[in-house]
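For reference, the chains in residue letters:
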Amino acid sequence: MPAKPRSLIVGNWKMNGLRSSLVEIAHMARGYDSKLRRACEFIVCPPATLVYFAAKEALGSHIGIGAQDCHIEASGAFTGEVSAEMLADSGATTVIVGHSERRSYSAETDGDVKSKALAALRAGLMPIICVGETNSDREGGHTLAVIKRQLSGSVPGSADSETLVVAYEPIWAIGTGLTPTLADIAEVHRFIHRELNAILGSHGAALRRVLYGGSVKPSNAREILALEHVDGALVGGASLKAEDFLAIARAAPAPH
Ligand code: PGA
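Bear in mind that the values here come from a model prediction, so they are computed numbers and not experimental data.

(A) Representation of the overall build of the chain. Across its full length, the chain holds 11 helices and 8 strands. Computed over the C-alpha atoms, the radius of gyration of the chain is 17 Å, within 12% of the 18 Å expected from 2.2 N^0.38 for a compact globule of 256 residues. Projected onto its principal axes, the C-alpha positions of the chain cover 45 × 45 × 35 Å. Partitioning the intrachain contacts of the chain with sequence separation of at least 6 by distance along the chain shows that 73% fall at a separation of at least 24. Split by element, the accessible area of the chain, about 11,400 Å² in all, is 54% carbon and sulfur. Mean positive and mean negative side-chain charge positions of the chain (25 and 27 charges, respectively) differ by 5 Å.

Dropping the structure here:
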């Protein structure tokens, strides 16, 4: 098997967490020891209200703090919105864009997601661009066509490979306890890497990371993270508790 980049393990807290949850960040920071650091990069994305506090809590620990969405503009009359520059100023290094919950509840289009990814890059944040099919897409045999369309609409072709991450999250697997077969995950990840080569060029392809997300937990992380084209995980529910999230990170394959 060709060498893989160091796994990237990202937690998405969604709309969960109060300041009392910062104890979990402190626990994660203590658990992210030198052995774990060799195997994986570790990032937690709490709600925007906690980004600054979480970044302070994580200071000096090597765990990264990210956000879950950003506006496309840097500032202005956009009541209630938060810009990528504001998130960077609060200590975030990363931002998730185009999560399926935002695509469906906030009607975000591929074009919106691309603009958000570009805003993130402008602010010096690493965008994690989410794509994934619905259950009916999969049952209709349209998974790869849907992913191809989402990638070509959402990924800015101008980006450097190392500064951009894609997360494959089948919508029917999010929060349901269901996951695709390992063969299905491997097939989609191979396809995404190939499509990214077409969009971004092959330069830096070895450093390009495609994460799997959707019901990742300590009991299935090892087999998923070992798959050839899987470069890490985007974890929702199981990232809220430090013990579970650290267990997932410990399942990352040893670097070779
Ligand atoms: P889940 O969520 O791990 O709870 O399935 C993943 C996600 O939505 O990023």
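Moving on from the model shown.
(B) Here's a closer look at the site of the ligand. Of all residues adjacent to the ligand, which total 13 residues, the nearest are Lys14, His99, Glu169, Gly175 and Ser215. A distance of 2.8 Å is found between an oxygen atom of the ligand and a backbone nitrogen or oxygen belonging to Ser215. Between the ligand and Gly236, the relevant distance is 2.8 Å, taken from an oxygen atom to a main-chain nitrogen or oxygen of the residue. Bound to the protein, the ligand loses 95% of the 280 Å² it would expose on its own. A per-class count over the shell around the ligand returns 4 nonpolar, 7 polar and 2 charged.

(C) Quick look at the packing of aromatic side chains. In this structure the tally under the stated criterion is 4 aromatic pairs. Taken together, the aromatic side chains of Tyr32, Phe42 and Phe245 make up a single cluster linked through ring pairs. Taking the ring centre of Phe53 as reference, the NZ or CZ of Arg19 above it sits at 5.9 Å.

(D) Seen up close, the sheet that holds strand 4 (residues 94-97). Pairing is parallel in the closed barrel, where 8 strands are placed in the order 1-2-3-4-5-6-7-8. Each neighbouring strand pair of the sheet contributes to a mean axis angle of 25 degrees, computed without reference to strand direction. Together, strand 1 (7-12), strand 2 (40-45) and strand 8 (232-235) form the strand contacts of helix 11 (residues 242-250), whose direction differs from that of strand 2 by roughly 150 degrees.

(E) Expanded view of the nonpolar core. Ile25, Phe42, Val44, Ile63 and Ile192 are the most contacted members of the largest nonpolar core, which has 67 residues in total. Setting aside chain neighbours within four positions, we find Ile63 in contact with Ile25, Met28, Ala29, Tyr32, Phe42, Val44 and Ala58. By size, the runner-up hydrophobic cluster in this structure holds 12 residues, among which are Cys45, Val165, Ala167 and Leu211.

(F) View of the pattern of salt bridges. All chains considered together, the criterion is met by 12 salt bridges. Note that Arg122 and Glu85 form a salt bridge whose closest N and O atoms lie 2.7 Å from each other. Here Glu85 lies in helix 4 (residues 84-89) and Arg122 lies in helix 6 (residues 110-122), a separation of 37 residues in the sequence. According to the relative accessible area criterion, Arg122 is partly exposed, its value standing at 43%. For Glu85, a relative accessible area of 26% puts it in the partly exposed group.

(G) Summary view of the state of the cysteines. Scanning the entire structure with this criterion turns up 0 disulfides. In this structure Cys70 is a free cysteine whose sulfur lies 12 Å from that of Cys45, the closest cysteine sulfur available. Cys130 carries a free sulfur, and the closest cysteine sulfur to it, the one in Cys45, is 9.5 Å from it.

(H) Representation of the environment of Val165. As for its placement among the helices and strands, Val165 is situated in strand 6 (residues 165-168). Sequence-wise, Val165 and Arg208 are 43 residues apart; in three dimensions their C-alpha atoms are separated by 6.9 Å.

Basis of the calculations
Residues numbered from 1 in each chain as written. Predicted model: local features only at pLDDT ≥ 70, side-chain atom pairs only at ≥ 80, totals over all residues. Heavy atoms only, no water. Helix = DSSP H or I, 4+ residues; strand = E, 2+ residues; numbered from the N terminus. Rg over C-alpha atoms; globule rule 2.2 N^0.38 Å. Contact = heavy atoms within 4.5 Å. Areas by Shrake-Rupley, 256 points an atom, 1.4 Å probe, with all protein chains shown as cover. Lys, Arg positive; Asp, Glu negative; His and termini not counted. Charge placed at Lys NZ, Arg CZ, Asp CG, Glu CD. Near = heavy atom within 4 Å. Polar contact = N/O pair within 3.5 Å; in protein donor to acceptor, adjacent residues only side chain to side chain. Nonpolar A, V, L, I, M, F, W, Y, C, P; charged D, E, K, R; others polar. Phe/Tyr/Trp six-rings, centres within 6.5 Å; stacked < 30°, edge-to-face > 60°. Lys NZ or Arg CZ within 6 Å of the ring centre and 35° of its normal. Pairing = 2+ DSSP bridges. Axes fitted to C-alpha atoms, helices over the stretch in contact; angles between N-to-C directions. Core = buried A, V, L, I, M, F, W, Y, C linked by side-chain atoms within 4.5 Å. Buried < 20%, exposed > 50% of the residue type's maximum accessible area, 1.4 Å probe, protein only. Salt bridge = Lys/Arg side-chain N within 4 Å of Asp/Glu carboxyl O. Disulfide = S-S within 2.5 Å.

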